[in-house]
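Results of the structural survey
Spelled out, the chains give:
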Amino acid sequence: MSACAPTRNDHSSRSSRFSLASGLKRPHSPPPPRRGRFRVSGADLSASITVFLIAVPMSLGLAVAMDAPLAAGLVSAAIGGIVAGLLGGTPLQVSGPSAGLTVVTAELIQLYGWRTTCAITIGAGLLQILLGSLKAARAALAVSPAIVHGTLAGIGVAIALAQLHIVLGGAPRSSALDNALSLPSRLAQFEPAAPLIGALTIVLLVVWPRMPGRVGATMGRIPAALAAVAIATAVAAAATPGIARVDLPSWRSHALPELPNGPFAALATAVFTVMLVASLESLLAAVSVDKMSADRAAAAPKDGTAPSAPVKRSDLDRELRAQGVANALSGMAGGLPVSGGAVRSSANVRAGAESRAATVLHGVWVLLAAALLVTALEWIPLAALAALVMVVGIQMVNFAHIRKVHKHREFLVYGATISGVILAGVLKGVAIGIVVAVAVALHRLARTRITVTEQDGRYLVTARGQLTFLAVPRLSRTLGRLPHGVDAVVELDGFFMDHAAYETIQDWYAAQTSMGGRIEFTGRSGGRIAEPASAAHSCCRPWTPWRNHHCHDQVQEAVPTATAQASPLVAETPPPTTVAAPPERHGAHRLLSGLSSFQRTTAPLVREELARLAAEGQRPSQLFITCADSRLVTSMITASGPGDLFTVRNVGNLVPSPGTGSTAGNDDSVAAAIEYAVDVLGVESITVCGHSGCGAMQALLGAAPETPRTPLWRWLRHGLPSLERMRSRNHSWARIAGRMPTDAVEQLCLTNVVQQLEHLRAHESVSRRLAAGSLQLHGMYFHVGEAQAYLLTEGVSSGTGPDEVFVKVVPGVECDAEPGAEIPRLAPDTVVGA
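Model, not experiment: these values are computed from the prediction.

**Digging into the overall build of the protein chain**
Helix and strand counts for the protein chain come out as 31 helices and 13 strands. Counting only residues that meet the buried cut, the protein chain has 46% of its 834 residues in that class. Restricting to contacts in the protein chain with at least 6 residues of sequence separation, those with at least 24 account for 76%. Working note: accessible area of the protein chain is about 40600 Å², and carbon and sulfur atoms make up 60% of it.

Listed below in structure tokens is the structure:
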């Protein structure tokens, strides 16, 4: 990240003000929600056209794949876009015919016919509405990701095998296994027309988004699906006029649902299967849309566009109810089952959609196309649509998901689910995946290796795996073999311990210590569990010295769950026998709850360190002067611990100039802290830290001349020099590297840090240590909304020198400086952390 910043423009935001009379306005708060009539922006209109051009060929292709009336694909796309778009909890998600339900719907049509399948779709929609009303959407996502991704991948394989037959000029069989076994006979009846059109479509789908150069950038604006189908249609019209094409029947013959006719249990299973797959696909797509929207919002300031409002998380229960309404209406209108689609939704986000208007308009365009473009649609070859759907099916086997599943050692569950879906169907495949997942979990819980090694009379007991009641016999047998009063280290390499295993270790620990034994518990890295974990590469610098702690080369593993409350691992007192109900989280009750939590979980970890500090006295290396704002957690942002920082907090991180305390208001508290830190404690650096959205700076900007001289204002008068410095033409503006401050409040927050450093230099004890070269001053700005720290560099408080620039602190910057060493002054065009 370059630390350079643009030059100051005369038309900048210096004159912007935030009035206290109209209420305090947070500079980084999201804009208020729009109310009133349905609004359509230019970005929504453009995105809706892009998604429409993808949705039409895909809807027709999915109808072909399901052996359903082709008009049903357009009906479901229109209803999914309009109804689910208006009612859904994920505004940018685009719903339509479900690729995940292709295999299920095709089987239902073969068993019960088209009209009964529409009735099943209505039932599935009503069940989705019920589950959404019962707030069950989040529970659906509790299914193992390996099962969900395995189910979708299995459906994708089945879709690809079925559509391959159409690409080769034939018709698909009733199951994925039959489609795979009949491929040799289909290849023996090879006719070139359909395969060539299908191959051309596939090549275009793959190559179109990857065309290089300026031509590729221009052509890439056209969706690959539309370009592939359009070109394939043109080639087929010229080269193979007799190829099978789309046949859209008259809307007068459009089939509507009828009452189901068949065994109740089988129909109920069909309704449940349609509901399950459609819901999972929609909810996963909604979560994916949230991530894409967040990534787009985070990237907006970097590409020069205006920062977008914070992305609101999807309301999954509302989304599930909307999908249910759309499915019920689609079934009533003779359409296919509806679900949120990852392909259409991702295209909508990438196209720049801002609201649900893009989704709704896309449905309107599909409806108009179904009424006005029937003749044009009938020119599309079936082989081109089949190739498009086949590529969609192949893309459902996501290699990123496979790598993630393999990383978490769940590939067996993933593979079992895929195999079950392909060989036995969707519902049975999901059941197989759940059974395998439970079996794997039980195997992991039961698989625990306990070993003992001895060296120079000291024993090492290693327990690898989860400590449950299943491992208690081996655990107690192994521990019982050790001599009485033994000197031993117990290494716990796992993340779970149940009560039975805990009691076993507790009893053994008590017995050994009562006979003079020394027992130490460690994690995988070998560090004591009672010690704080340090960073992998501790960097001793003025900001995070950690001088009072031991440094380790490796990051310690987390404490096992049950041992976080346990005794021999972190304390010497047994765990409580009862668990109190959590107190109310307000007022004194919240304070009591926090204190109780500290005594239960944190105090045992830090007691030894605090006892040492109590005996040796405090020797902090830094004085840290910052604002009293509750969002500014100094120990967190500086990664410091007990004894590291001597902290002074006040409203506005102000440092009164020497002499002001005795004349008005008795403001000697800060001066006393500075004198004590510099002369008595001998700190090596002083940091003045400001932050974004500071209420004190907002009050200074908005105060009127007749503001009552309250105690707060008498304190804030120490910030008036900062306000005068910002308005003065004799000082350069402080700024953040790479950009100007966003508003007057941020400008004053930055300027205030520089001005308070000037006040700090005027203190006699500080100026004396600065002249001796034994003290360093630092300026810091923390952006609360970004969780980002900035350090002041180059021309600090020079007045006539270069601009004061706050440079971003980037992750991973290493430093070999000794404690108290001066941080190098970086020029504005320096690249930090490269």
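**A short note on the packing of aromatic side chains**
With the rule as written, the count across this model stands at 5 aromatic pairs. Look at Tyr-781 and Tyr-790: their rings are 6.2 Å apart centre to centre, the planes differ by 45°, and that puts the pair in the tilted class. With respect to burial, Tyr-781 and Tyr-790 carry one shared label: buried. Between Tyr-781 and Phe-806 the ring centres are 6.3 Å apart and the planes differ by 70°, which places this aromatic pair in the edge-to-face class. A residue pair is termed long-range when its members are at least 10 positions apart, and Tyr-781 in strand E11 (residues 776-783) and Phe-806 in strand E13 (residues 805-808) qualify at 25 residues. Side by side, Tyr-781 and Phe-806 carry an identical accessibility label, which is buried.

**Focus: the confidence of the model for the protein chain**
Taken as a whole, the protein chain shows an average pLDDT of 78; of its residues, 80% reach a score of 70 or greater. Across residues 529-585, confidence stays below pLDDT 50; counting only partners more than four residues off in sequence or on other chains, it has 119 contacts. Across residues 814-834, where pLDDT falls below 50, the model places 44 contacts with residues more than four positions away in sequence or in other chains.

**Quick look at the state of the cysteines**
Think of a disulfide as a covalent bridge from one cysteine sulfur atom to another cysteine sulfur atom. Within the structure shown, the criterion is met by 0 disulfides. The structure places no disulfide on Cys-689, whose sulfur is separated from the nearest cysteine sulfur, that of Cys-627, by 9.1 Å. By relative accessible area, which is 0% here, Cys-689 ends up buried. Unpaired in this structure, Cys-749 has its nearest cysteine sulfur neighbour in Cys-694, at a distance of 5.1 Å. Taking the relative accessible area as the measure of exposure, Cys-749 reaches 3% and is therefore buried.

**Some points on helix H27 (residues 695-702)**
Of all 8 residues that make up H27, 6 are buried, and the element is covered over most of its length. Residues of H27 that are buried: Ala-696, Met-697, Gln-698, Ala-699, Leu-700 and Leu-701. Where H27 is buried, its residues contact helix H28 (711-716), helix H29 (720-727) and helix H30 (744-761).

**Details of the pattern of salt bridges**
It is possible for side chains bearing opposite charge to pair when their charged atoms get close. Tallied over the entire structure, the rule returns 10 salt bridges. For Glu-764, the salt bridge identified is with Arg-768, shortest N-O distance 2.7 Å. Of this pair, Glu-764 and Arg-768 both sit in helix H31 (residues 764-772), 4 residues apart, roughly one helical turn. Within this structure, Glu-609, Arg-612, Glu-616 and Arg-619 form a network of salt bridges that share partners.

**Considering the sheet that holds strand E4 (residues 458-464)**
Hydrogen bonds between backbone atoms are what pair the strands of a sheet, whose relative direction is either parallel or antiparallel. One open sheet holds the 4 strands; their spatial order is E3-E4-E5-E6, and the pairing between them is mixed. Looking at strand neighbours, the two that pair on one side only are strand E3 (449-455) and strand E6 (518-522), the edges of this open sheet. For this sheet, the mean inter-axis angle between neighbouring strands, taken without regard to orientation, is 15°. Pairing analysis gives 7 bridges linking E4 to strand E5 (residues 487-493), with the strands arranged parallel. Along E5, the bridge assignment pairs Ala-463 with Leu-492. Its contacts with the sheet put helix H22 (residues 499-514) on E5 and E6, and the angle it makes with E6 is roughly 145°.

**A look at helix H26 (residues 668-681)**
In an α-helix, one turn spans 3.6 residues, which is why side chains three or four residues apart end up on the same side. The end-to-end C-alpha distance of H26 is 18 Å, a good match for the 20 Å that 14 residues give at a rise of 1.5 Å each. Packed against the buried residues of H26 are strand E7 (622-627), strand E8 (645-650), strand E9 (685-691), H28, H30 and H31. Two residues or fewer past H26, Gly-682 is found with a positive phi of approximately 65°.

**What to know about the pairing of E9**
Of all the 7 residues making up E9, 7 are buried; the element is thus mostly covered by neighbouring parts of the structure. In the sheet, E7 pairs with E9 via 5 bridges, with the strands oriented parallel. Bridge pairing links Gln-622 to Ser-685 in E9. With 7 bridges connecting them, E9 and E11 associate as parallel partners. Bridging from a neighbouring strand, Cys-689 pairs with Met-780 of E11.

**Considering the nonpolar core**
Counting 67 residues, the largest nonpolar core has Leu-60, Ile-120 and Val-366 as its most contacted members. Per-element accounting of this core gives the leading share, 11 residues, to helix H1 (residues 42-66). Every residue in contact with Val-366, bar those within four places of it in the chain, is listed here: Phe-52, Ala-55, Val-56, Leu-74, Ala-77 and Ala-78. Counting 45 residues, the second largest nonpolar core, distinct from the first, contains Leu-623, Leu-654, Val-688 and Leu-792.

**A word on the sheet that holds strand E12 (residues 788-793)**
Taken in spatial order, the 7 strands line up as E8-E7-E9-E11-E12-E13-E10 in an open sheet, and their pairing is mixed. Among the strands making up the open sheet, the edge pair consists of E8 and strand E10 (735-736). As judged from the 4 bridges shared by E12 and E13, these two strands associate in the antiparallel manner. When the sheet's bridge partners are listed, Tyr-790 is paired in E13 with Lys-808. Set on the sheet, H26 makes contact with E7, E8 and E9; between it and E8 the angle comes to about 170°.

Criteria and thresholds
- Residue indices begin from 1 for each chain and proceed along its sequence in written order.
- It should be noted that, the model being predicted, local features are given only for residues of pLDDT at least 70 and side-chain atom pairs only at 80 or more, the latter also being counted only at that level, while totals for whole chains, interfaces and linings use all residues.
- Water and hydrogen atoms were dropped before computing side-chain values, which therefore reflect all heavy atoms in the structure.
- Going along the chain from the N terminus, every DSSP run of H or I of four or more residues is numbered as a helix, and every run of E of two or more is numbered as a strand.
- Each residue gets one of three labels from its accessible area relative to the maximum for its type: buried under 20%, exposed over 50%, partly exposed in between, using a 1.4 Å probe on protein chains only.
- Whether two residues are in contact is decided by their heavy atoms: any pair within 4.5 Å suffices.
- Residue burial considers only the protein chains on display, and all accessible areas are found by Shrake-Rupley using a 1.4 Å probe.
- Under the pairing criterion, centres of Phe, Tyr and Trp rings, with the six-membered ring standing for Trp, must be within 6.5 Å; the plane angle then separates stacked pairs below 30 degrees from edge-to-face pairs above 60, leaving the rest tilted.
- pLDDT expresses, on a scale from 0 to 100, how confident the predictor is about each individual residue.
- Disulfide: a pair of cysteine sulfur atoms within 2.5 Å of each other.
- Salt bridges are defined as contacts in which a side-chain nitrogen from Lys or Arg sits within 4 Å of a carboxyl oxygen from Asp or Glu.
- Criterion used throughout: strands pair if DSSP finds at least two bridges between them.
- Working convention: axes come from line fits to C-alpha atoms, limited for helices to the stretch in contact. Angles between N-to-C directions cover 0 to 180 degrees.
- Between the first and last residue of a helix there are one fewer steps than residues, each counted as 1.5 Å, and that sum is the expected span.
- For our purposes a nonpolar core is just a set of buried Ala, Val, Leu, Ile, Met, Phe, Trp, Tyr and Cys residues, chained together by side-chain atoms within 4.5 Å.

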